[in-house]
Amino acid sequence: MNSPQTRPLAMVTGASSGIGYELARQFALHGYDLIIAADDAGELVGAADRLQQVDSAMRVKAVTVDLSVPEGVTTLYNTAAALKRPVDVLAANAGIGVWGDFARETSLEAELRLINLNVTSQVHLIKLVVADMVDRGSGKVLITSSIASLAPGPNYAAYAASKAFLRSFGQAIRQELEDSGVSVTVLMPGPTDTEFFERADMLESKAAQGPKQDPAEVAAEAFDALEKDKDHVVTGAKNKLQATASKLVPDKVGARLHGSQTRPEPRNPR
């Protein structure tokens, strides 16, 4: 990837599986070279191999990093810079969930790691990459928030708050960058058929047991929104209705409704 290329370059974080992998696949299908990042080397290599099959002419750089620490962000950015190619698109997708009663069940370590990955690392990486984009007058940023950002989220309070931060942050910097040649789109998926619920130890929640959207569909909608320079995209018809309804209720009511989806549920009720 050190030779000059005419193909655009996309960087995708959290790209080893789920929405991140499908976002990377969308870029591959549309003629991009890729830098993909995740913290599991085995999964990331497997993802890179599958992506290479999409387009044999594409170049894929897999970077195994822990983005929950500043050194991981710096490593990823420096690896991209060493390629001597501009990052045309950044898909800032990495994130985790923590589920459970905040006061009695979740650990402080887990909550702080969530904030470090979902919030701090996103700001860190976007700051570095967007500065380069502004210098050359072009670039696109896709920030993965969530439908969970639209109301307080009992039982995964830090997660919902982190996604609300990303939604607000993305919309704010989009306005700041309006005349810079750099665009920002906020992606807001709902429950999606990925490993998120398992990794967040959230399988006993109603949301985990309900219908979910295909991550490939989420990624396709996200790519289309990015290309059309939309400020945000809520994926899936049901989620669009939920987003509209959320504007009509106060936070107190929204938190109660949200909590009905995130509380523990019997997996096989009689």
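Located above this text is the structure these notes cover.
Residue numbers run consecutively from 1 along every chain, following the written order of its sequence. Two thresholds apply to this predicted model, a pLDDT of at least 70 for residue-level local features and 80 or more for giving and counting side-chain atom pairs, whereas whole-chain, interface and lining totals are computed over all residues. Values shown for side chains rest on all heavy atoms present in the structure; no hydrogens or waters enter the calculation.

Below, the discussion takes up the overall build of the protein. Strands are runs of DSSP state E lasting at least 2 residues, helices are runs of H or I lasting at least 4, and numbering of each runs from the N terminus. Within the protein, the secondary structure is distributed over ten helices and seven strands. The C-alpha radius of gyration of the protein comes to 18 Å, within 12% of the 18 Å expected for a compact globule of 270 residues. With respect to the principal axes defined by its C-alpha atoms, the protein has extents near 60 × 40 × 35 Å. A total of 270 residues make up the protein; the buried ones form 47% of that total. Should any heavy atoms of two residues lie within 4.5 Å, those residues are counted as being in contact. Sequence separation of 24 or more characterises 72% of the internal contacts of the protein that already satisfy a separation of 6 or more. All radius of gyration figures rest on C-alpha atoms, and the globule criterion is 2.2 Å times the number of residues raised to 0.38. Each residue's exposure class comes from its accessible area (1.4 Å probe, protein chains only) as a fraction of the maximum for that residue type: buried when under 20%, exposed when over 50%, partly exposed otherwise.

A separate point is helix 3 (residues 70–82). Here the expected length of a helix is defined as 1.5 Å per residue gap, with one fewer gap than residues. In this model helix 3 runs 18 Å from its N-terminal to its C-terminal C-alpha over 13 residues, within 8% of the 18 Å that 1.5 Å per residue would give. Gly72, Val73, Leu76, Tyr77 and Ala80 are the residues of helix 3 that are buried. Looking straight down helix 3, one finds that the buried residues subtend no more than 130° of arc, so they occupy a single side. Those residues of helix 3 hidden inside the fold are in contact with strand 1 (9–13), strand 2 (33–38), strand 3 (60–64) and helix 4 (108–136). When we speak of the arc, we mean the arc of directions from the helix axis to the C-beta atoms.

As a further point, take the packing of helix 4 against helix 5 (residues 157–176). Note on geometry: axes are C-alpha line fits, over the in-contact stretch for helices, and angles between N-to-C directions span 0 to 180 degrees. Axis separation between helix 4 and helix 5 bottoms out at 9 Å; the angle between their running directions is 10°. Relative to helix 5, the element helix 4 is oriented roughly parallel. Touching Glu111, Leu114, Asn118, Val119, Gln122, Val123 and Ile126 of helix 4 are Ala158, Tyr159, Ser162, Lys163, Phe165, Leu166, Phe169 and Ile173, all from helix 5. Residue composition of the contact of helix 4 with helix 5, grouped by class: ten nonpolar, three polar and two charged. Geometric relationships in this document are graded by angle, where less than 35 degrees denotes roughly parallel, more than 145 denotes roughly antiparallel, 65 to 115 denotes roughly perpendicular, and other angles denote oblique. Amino acid classes used here: Ala, Val, Leu, Ile, Met, Phe, Trp, Tyr, Cys and Pro are nonpolar; Asp, Glu, Lys and Arg are charged; the rest, including Gly, are polar.

Structurally, Ser17 is set in the loop between strand 1 and helix 1 (18–29). Between the alpha carbons of Ser17 and Leu241 there is a distance of 27 Å; along the sequence they are 224 residues apart. Not counting the four nearest positions on each side in its chain, Ser17 is found in contact with Glu43, Glu195 and Arg199.

It is worth spelling out helix 2 (residues 41–54) at this point. When the terminal C-alpha atoms of helix 2 are compared, their 20 Å separation across 14 residues agrees well with the 20 Å that a helix rising 1.5 Å per residue should span. Among all positions of helix 2, only Leu44, Ala47, Ala48 and Leu51 are buried. On an axial view of helix 2, the arc spanned by its buried residues comes to 105°, and they lie on one face. Opposite the buried face of helix 2, at more than 90 degrees from it, the exposed residues are Gly42 and Gln53. Identification of polar contacts relies on pairs of N or O atoms within 3.5 Å, with a donor-acceptor requirement for protein atoms, meaning one able to donate a hydrogen and the other able to accept it, and with residues adjacent in sequence counted only if both atoms are side-chain atoms. Capping of helix 2 at its N-terminal end is provided by Asp40; its side-chain oxygen lies 3.1 Å from the backbone amide nitrogen of Gly42.

It is worth spelling out the pattern of salt bridges at this point. Should a side-chain nitrogen of Lys or Arg be within 4 Å of a carboxyl oxygen of Asp or Glu, the pair is scored as a salt bridge. What the rule picks out here adds up to twelve salt bridges. Between Asp39 and Arg113 there is a salt bridge, with the nearest N and O atoms lying 3.7 Å from each other. Of this pair, Asp39 sits in the loop between strand 2 and helix 2 while Arg113 sits in helix 4, placing them 74 residues apart in sequence. By relative accessible area, which is 32% here, Arg113 ends up partly exposed. When salt bridges with common partners are traced through the structure, they connect Arg7, Asp33, Asp55 and Arg85 into a single cluster.

Interpretation note: all reported values are geometric properties and have no functional meaning in isolation.
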